[in-house]
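# Secondary and tertiary structure notes
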Amino acid sequence: MSDATSNTGGFFRRFTIGWKTRHLVTLLIAVLGTYAFLESRAQWSEMHRWNRAVGDMSLVMVAVSMVIGPLSRLMPRFRLAIPWRREFGIYGVILAAIHTTIILVGWVQWDFLRLFGYELHPSGVYVMFQQGFGLANIIGIIAMLYGIVLALSSSNWSQRMLGGPVWKFLQQSAYVLWMLIVVHTAYFLYIHFQDFHRPTPEPNWAQIPFAILVGVVVVLQLAAFLKTWKSRRNRAAPDQVSATG
Ligand code: HEM
(Lines give C-alpha, C1' and ligand atoms only; values in the text may rest on other atoms or scores of the structure.)
Protein backbone atom coordinates (compact mmCIF):
# COMPACT_ATOMS: atom_id res chain seq x y z
CA MET A 1 0.00 0.00 0.00
CA SER A 2 3.05 2.21 0.08
CA ASP A 3 3.87 4.79 -2.55
CA ALA A 4 7.43 4.62 -3.79
CA THR A 5 7.38 6.67 -6.98
CA SER A 6 10.43 8.53 -5.73
CA ASN A 7 12.80 5.65 -6.45
CA THR A 8 11.38 4.66 -9.83
CA GLY A 9 13.48 7.22 -11.64
CA GLY A 10 12.67 10.15 -13.92
CA PHE A 11 11.80 7.97 -16.88
CA PHE A 12 8.91 6.28 -15.08
CA ARG A 13 7.77 9.43 -13.25
CA ARG A 14 7.04 11.12 -16.58
CA PHE A 15 4.42 8.43 -17.28
CA THR A 16 2.89 8.33 -13.79
CA ILE A 17 -0.87 9.03 -13.70
CA GLY A 18 -2.14 11.55 -11.09
CA TRP A 19 -3.66 10.28 -7.85
CA LYS A 20 -7.20 11.45 -8.75
CA THR A 21 -7.20 9.38 -11.93
CA ARG A 22 -5.76 6.42 -10.03
CA HIS A 23 -8.58 6.69 -7.47
CA LEU A 24 -11.23 6.85 -10.20
CA VAL A 25 -9.81 3.91 -12.15
CA THR A 26 -9.40 1.77 -9.01
CA LEU A 27 -12.94 2.62 -7.88
CA LEU A 28 -14.24 1.58 -11.30
CA ILE A 29 -12.30 -1.71 -11.11
CA ALA A 30 -13.74 -2.32 -7.60
CA VAL A 31 -17.32 -1.72 -8.82
CA LEU A 32 -16.99 -3.77 -12.02
CA GLY A 33 -15.24 -6.63 -10.23
CA THR A 34 -17.91 -6.76 -7.50
CA TYR A 35 -20.62 -6.76 -10.20
CA ALA A 36 -18.91 -9.66 -12.01
CA PHE A 37 -18.74 -11.69 -8.75
CA LEU A 38 -22.41 -10.86 -8.08
CA GLU A 39 -23.49 -12.05 -11.53
CA SER A 40 -21.45 -15.25 -11.18
CA ARG A 41 -23.72 -16.42 -8.34
CA ALA A 42 -27.08 -15.09 -9.48
CA GLN A 43 -28.97 -18.06 -7.98
CA TRP A 44 -27.73 -17.52 -4.38
CA SER A 45 -29.70 -15.71 -1.67
CA GLU A 46 -29.17 -11.92 -1.79
CA MET A 47 -27.26 -11.64 1.49
CA HIS A 48 -24.72 -14.39 0.70
CA ARG A 49 -24.40 -13.16 -2.89
CA TRP A 50 -23.58 -9.58 -1.91
CA ASN A 51 -21.45 -10.38 1.06
CA ARG A 52 -19.29 -12.86 -0.84
CA ALA A 53 -19.03 -10.72 -3.96
CA VAL A 54 -17.77 -7.77 -1.91
CA GLY A 55 -15.48 -10.01 0.22
CA ASP A 56 -14.03 -11.69 -2.88
CA MET A 57 -13.34 -8.40 -4.64
CA SER A 58 -11.73 -7.05 -1.46
CA LEU A 59 -9.40 -10.08 -1.41
CA VAL A 60 -8.51 -9.61 -5.11
CA MET A 61 -7.70 -5.91 -4.59
CA VAL A 62 -5.49 -6.59 -1.55
CA ALA A 63 -3.77 -9.39 -3.54
CA VAL A 64 -3.04 -6.99 -6.45
CA SER A 65 -1.65 -4.47 -3.97
CA MET A 66 0.55 -7.24 -2.47
CA VAL A 67 2.04 -8.48 -5.78
CA ILE A 68 2.98 -5.10 -7.28
CA GLY A 69 6.08 -4.85 -5.05
CA PRO A 70 7.49 -8.34 -5.84
CA LEU A 71 6.59 -7.96 -9.57
CA SER A 72 8.46 -4.66 -9.84
CA ARG A 73 11.52 -6.23 -8.21
CA LEU A 74 11.41 -9.16 -10.64
CA MET A 75 10.53 -7.16 -13.80
CA PRO A 76 11.55 -3.47 -13.76
CA ARG A 77 8.77 -2.51 -16.22
CA PHE A 78 6.25 -3.16 -13.41
CA ARG A 79 7.74 -0.22 -11.47
CA LEU A 80 5.15 1.85 -13.32
CA ALA A 81 2.50 0.11 -11.23
CA ILE A 82 4.06 0.96 -7.84
CA PRO A 83 1.90 4.07 -7.17
CA TRP A 84 -1.22 1.91 -7.69
CA ARG A 85 -0.41 -0.21 -4.61
CA ARG A 86 -1.87 2.49 -2.40
CA GLU A 87 -5.24 2.79 -4.17
CA PHE A 88 -5.70 -0.98 -4.54
CA GLY A 89 -5.01 -1.38 -0.82
CA ILE A 90 -7.37 1.43 0.17
CA TYR A 91 -10.30 0.21 -1.98
CA GLY A 92 -9.65 -3.36 -0.80
CA VAL A 93 -10.14 -2.16 2.80
CA ILE A 94 -13.25 -0.10 1.88
CA LEU A 95 -14.80 -3.20 0.29
CA ALA A 96 -13.91 -5.23 3.41
CA ALA A 97 -15.75 -2.62 5.53
CA ILE A 98 -18.86 -3.01 3.31
CA HIS A 99 -18.52 -6.82 3.58
CA THR A 100 -18.41 -6.53 7.40
CA THR A 101 -21.47 -4.23 7.44
CA ILE A 102 -23.46 -6.73 5.33
CA ILE A 103 -22.59 -9.51 7.85
CA LEU A 104 -23.57 -7.33 10.82
CA VAL A 105 -26.89 -6.22 9.29
CA GLY A 106 -27.89 -9.20 7.16
CA TRP A 107 -26.43 -12.22 8.97
CA VAL A 108 -26.12 -11.61 12.73
CA GLN A 109 -28.58 -8.65 12.79
CA TRP A 110 -26.43 -6.62 15.22
CA ASP A 111 -26.44 -9.47 17.74
CA PHE A 112 -22.72 -9.41 18.51
CA LEU A 113 -22.74 -12.72 20.41
CA ARG A 114 -23.89 -14.45 17.22
CA LEU A 115 -20.84 -13.01 15.48
CA PHE A 116 -18.67 -15.01 17.89
CA GLY A 117 -20.51 -18.29 17.32
CA TYR A 118 -23.22 -18.11 20.03
CA GLU A 119 -26.95 -18.64 19.37
CA LEU A 120 -29.93 -17.90 21.60
CA HIS A 121 -31.27 -21.18 23.04
CA PRO A 122 -35.10 -21.49 23.54
CA SER A 123 -34.36 -21.57 27.30
CA GLY A 124 -33.28 -17.94 26.99
CA VAL A 125 -29.49 -18.32 27.33
CA TYR A 126 -26.83 -18.01 24.68
CA VAL A 127 -25.02 -21.26 23.86
CA MET A 128 -21.87 -21.81 21.82
CA PHE A 129 -23.06 -23.15 18.49
CA GLN A 130 -20.36 -22.58 15.88
CA GLN A 131 -16.82 -22.32 17.26
CA GLY A 132 -15.27 -22.16 13.78
CA PHE A 133 -17.58 -19.34 12.68
CA GLY A 134 -16.63 -17.36 15.80
CA LEU A 135 -12.89 -17.86 15.33
CA ALA A 136 -13.01 -17.02 11.60
CA ASN A 137 -14.94 -13.83 12.38
CA ILE A 138 -12.43 -12.84 15.08
CA ILE A 139 -9.63 -13.29 12.51
CA GLY A 140 -11.70 -11.20 10.05
CA ILE A 141 -12.20 -8.45 12.66
CA ILE A 142 -8.44 -8.31 13.41
CA ALA A 143 -7.77 -8.13 9.64
CA MET A 144 -10.35 -5.35 9.34
CA LEU A 145 -8.78 -3.27 12.15
CA TYR A 146 -5.30 -3.85 10.75
CA GLY A 147 -6.50 -2.91 7.26
CA ILE A 148 -8.03 0.34 8.57
CA VAL A 149 -4.70 1.31 10.22
CA LEU A 150 -2.83 0.57 6.99
CA ALA A 151 -5.35 2.43 4.82
CA LEU A 152 -5.32 5.48 7.13
CA SER A 153 -1.52 5.54 7.06
CA SER A 154 -1.47 5.28 3.24
CA SER A 155 -1.08 8.97 2.55
CA ASN A 156 1.80 11.39 2.08
CA TRP A 157 0.53 13.32 5.12
CA SER A 158 0.70 10.27 7.46
CA GLN A 159 4.07 9.36 5.92
CA ARG A 160 5.38 12.77 7.02
CA MET A 161 3.62 12.59 10.42
CA LEU A 162 4.89 9.13 11.36
CA GLY A 163 8.37 9.55 9.94
CA GLY A 164 10.12 7.19 7.50
CA PRO A 165 11.07 4.17 9.67
CA VAL A 166 7.74 3.91 11.57
CA TRP A 167 5.70 4.35 8.38
CA LYS A 168 7.80 1.79 6.52
CA PHE A 169 7.48 -0.72 9.36
CA LEU A 170 3.68 -0.32 9.30
CA GLN A 171 3.40 -0.69 5.53
CA GLN A 172 5.80 -3.63 5.32
CA SER A 173 3.72 -5.56 7.82
CA ALA A 174 0.91 -5.66 5.22
CA TYR A 175 1.96 -9.34 4.93
CA VAL A 176 0.32 -9.94 8.31
CA LEU A 177 -2.95 -8.50 6.95
CA TRP A 178 -2.65 -10.76 3.90
CA MET A 179 -2.11 -13.89 6.04
CA LEU A 180 -5.13 -13.06 8.23
CA ILE A 181 -7.31 -12.60 5.14
CA VAL A 182 -6.09 -15.89 3.62
CA VAL A 183 -6.92 -17.89 6.79
CA HIS A 184 -10.32 -16.16 7.14
CA THR A 185 -11.27 -16.81 3.50
CA ALA A 186 -9.96 -20.40 3.49
CA TYR A 187 -12.23 -21.20 6.44
CA PHE A 188 -15.36 -20.00 4.63
CA LEU A 189 -14.37 -21.54 1.30
CA TYR A 190 -13.30 -24.99 2.49
CA ILE A 191 -14.55 -25.66 6.03
CA HIS A 192 -17.61 -23.72 7.17
CA PHE A 193 -20.20 -25.33 4.91
CA GLN A 194 -19.15 -28.91 5.63
CA ASP A 195 -21.69 -29.76 8.36
CA PHE A 196 -22.83 -33.37 8.08
CA HIS A 197 -26.39 -32.64 9.15
CA ARG A 198 -27.06 -30.03 6.47
CA PRO A 199 -27.65 -30.59 2.77
CA THR A 200 -24.30 -30.00 1.06
CA PRO A 201 -24.42 -26.47 -0.34
CA GLU A 202 -23.48 -25.90 -3.94
CA PRO A 203 -19.68 -25.89 -4.15
CA ASN A 204 -18.28 -22.36 -4.38
CA TRP A 205 -16.54 -21.95 -7.75
CA ALA A 206 -14.00 -19.68 -6.03
CA GLN A 207 -12.31 -22.61 -4.23
CA ILE A 208 -9.73 -23.43 -6.93
CA PRO A 209 -9.13 -19.83 -8.17
CA PHE A 210 -8.50 -18.81 -4.53
CA ALA A 211 -5.87 -21.55 -4.10
CA ILE A 212 -4.20 -20.44 -7.37
CA LEU A 213 -4.25 -16.77 -6.31
CA VAL A 214 -2.63 -17.54 -2.94
CA GLY A 215 -0.05 -19.77 -4.70
CA VAL A 216 0.82 -16.99 -7.20
CA VAL A 217 1.28 -14.42 -4.39
CA VAL A 218 3.55 -16.80 -2.43
CA VAL A 219 5.65 -17.72 -5.51
CA LEU A 220 6.10 -14.06 -6.53
CA GLN A 221 7.10 -13.06 -3.00
CA LEU A 222 9.59 -15.91 -2.73
CA ALA A 223 11.08 -15.20 -6.18
CA ALA A 224 11.47 -11.47 -5.37
CA PHE A 225 13.02 -12.30 -2.00
CA LEU A 226 15.55 -14.67 -3.63
CA LYS A 227 16.41 -12.08 -6.30
CA THR A 228 17.02 -9.36 -3.67
CA TRP A 229 19.05 -11.75 -1.51
CA LYS A 230 21.21 -12.85 -4.47
CA SER A 231 21.90 -9.32 -5.70
CA ARG A 232 22.79 -8.15 -2.15
CA ARG A 233 25.13 -11.15 -1.73
CA ASN A 234 26.80 -10.42 -5.08
CA ARG A 235 27.24 -6.77 -4.12
CA ALA A 236 28.69 -7.73 -0.71
CA ALA A 237 31.10 -10.33 -2.17
CA PRO A 238 33.62 -7.91 -3.84
CA ASP A 239 33.71 -5.81 -0.61
CA GLN A 240 34.61 -8.92 1.38
CA VAL A 241 37.36 -9.81 -1.11
CA SER A 242 38.88 -6.33 -0.83
CA ALA A 243 38.54 -6.39 2.97
CA THR A 244 40.34 -9.72 3.30
CA GLY A 245 42.76 -9.18 0.38
C1 HEM B 1 -9.98 -7.38 5.65
C2 HEM B 1 -11.10 -7.92 6.07
C3 HEM B 1 -11.85 -9.03 5.37
C4 HEM B 1 -11.70 -9.59 4.13
C5 HEM B 1 -10.71 -9.23 3.03
C6 HEM B 1 -12.69 -10.64 4.00
C7 HEM B 1 -12.85 -11.46 2.89
C8 HEM B 1 -13.71 -12.53 2.81
C9 HEM B 1 -13.80 -13.46 1.72
C10 HEM B 1 -12.95 -13.41 0.47
C11 HEM B 1 -14.76 -14.37 2.02
C12 HEM B 1 -15.13 -15.62 1.23
C13 HEM B 1 -16.14 -15.30 0.19
C14 HEM B 1 -16.56 -16.54 -0.58
O15 HEM B 1 -16.93 -17.55 0.04
O16 HEM B 1 -16.52 -16.50 -1.82
C17 HEM B 1 -15.32 -14.01 3.30
C18 HEM B 1 -16.37 -14.66 3.89
C19 HEM B 1 -16.96 -14.26 5.06
N20 HEM B 1 -16.51 -13.25 5.89
FE21 HEM B 1 -14.98 -11.97 5.53
N22 HEM B 1 -13.46 -10.67 5.14
C23 HEM B 1 -12.97 -9.71 6.00
C24 HEM B 1 -13.47 -9.38 7.25
C25 HEM B 1 -14.57 -9.96 7.81
C26 HEM B 1 -15.15 -9.57 9.09
C27 HEM B 1 -14.66 -8.42 9.97
C28 HEM B 1 -16.21 -10.41 9.31
C29 HEM B 1 -17.17 -10.44 10.45
C30 HEM B 1 -17.69 -9.40 10.99
C31 HEM B 1 -16.30 -11.32 8.19
C32 HEM B 1 -17.24 -12.33 8.05
C33 HEM B 1 -17.34 -13.19 6.97
C34 HEM B 1 -18.38 -14.20 6.83
C35 HEM B 1 -19.51 -14.47 7.83
C36 HEM B 1 -18.14 -14.86 5.62
C37 HEM B 1 -18.99 -15.99 4.99
C38 HEM B 1 -19.81 -15.37 3.91
C39 HEM B 1 -20.94 -16.24 3.38
O40 HEM B 1 -20.86 -17.43 3.48
O41 HEM B 1 -21.89 -15.65 2.85
N42 HEM B 1 -15.30 -11.00 7.29
N43 HEM B 1 -14.66 -12.90 3.78
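Nothing here was measured: the structure is a model prediction, and the numbers come from that model. (Residues numbered from 1 in each chain as written. Predicted model: local features only at pLDDT ≥ 70, side-chain atom pairs only at ≥ 80, totals over all residues.)

### Here we look at helix H6 (residues 131-152)
Across its 22 residues, H6 extends 32 Å between first and last C-alpha, which sits within 8% of the 32 Å expected from 1.5 Å per residue. Taken as a whole, H6 has its buried residues at Phe-133, Ala-136, Asn-137, Gly-140, Ala-143, Met-144, Gly-147 and Leu-150. Considered in projection along H6, the buried side chains sweep an arc of 140° and stay on one side of the axis. In this structure, H6 carries Gln-131, Leu-145 and Leu-152 as exposed residues pointing more than 90 degrees from its buried face. On its buried face, H6 is in contact with helix H4 (84-107), helix H5 (112-115), helix H8 (164-172) and helix H9 (174-191). (Helix = DSSP H or I, 4+ residues; strand = E, 2+ residues; numbered from the N terminus. Expected span 1.5 Å × (residues − 1). Buried ≥ 20, exposed ≤ 12 C-beta atoms within 10 Å, placed from the backbone. Arc of directions from axis to C-beta. Contact = placed C-beta atoms within 7 Å.)

### A short note on the nonpolar core
In terms of nonpolar packing, the biggest core is built from 28 residues, with Met-57, Met-61, Leu-95, Trp-178 and Ile-181 touching the most fellow members. Listed by contribution, the elements that provide at least two residues to this core are helix H3 (46-74), H4, H6 and H9. When residues in this core are grouped by element, the largest group, 11 residues, is from H3. Excluding its chain neighbours within four sequence positions, the residues that come into contact with Met-57 are Ala-30, Gly-33, Thr-34, Phe-37 and Leu-95. (Core = buried A, V, L, I, M, F, W, Y, C linked by C-beta atoms within 7 Å.)

### Considering the site of the ligand
Near the ligand, the surroundings consist of 26 residues, among which His-48, Gly-55, Ala-96, Gly-140 and Ala-143 are the closest. When contributions to the shell around the ligand are tallied by element, the ones reaching two or more residues are H3, H4, H6 and H9. Of all the elements, H3 adds the most residues to the shell around the ligand, at seven residues. (Near = placed C-beta within 6 Å.)

### A look at the packing of H3 against H4
Two elements in contact, H3 and H4, have axes separated by 8 Å at closest approach and are oriented at 160°. Between H3 and H4, the interaxial angle falls into the category roughly antiparallel. The element H3 and its partner H4 pack so that their crossing is left-handed. Tallied by class, residues from the contact of H3 with H4 come to 17 nonpolar, nine polar and one charged. (Axes fitted to C-alpha atoms, helices over the stretch in contact; angles between N-to-C directions. Parallel < 35°, antiparallel > 145°, perpendicular 65-115°, else oblique. Left-handed = near helix turned anticlockwise from the far one by under 90°. Nonpolar A, V, L, I, M, F, W, Y, C, P; charged D, E, K, R; others polar.)

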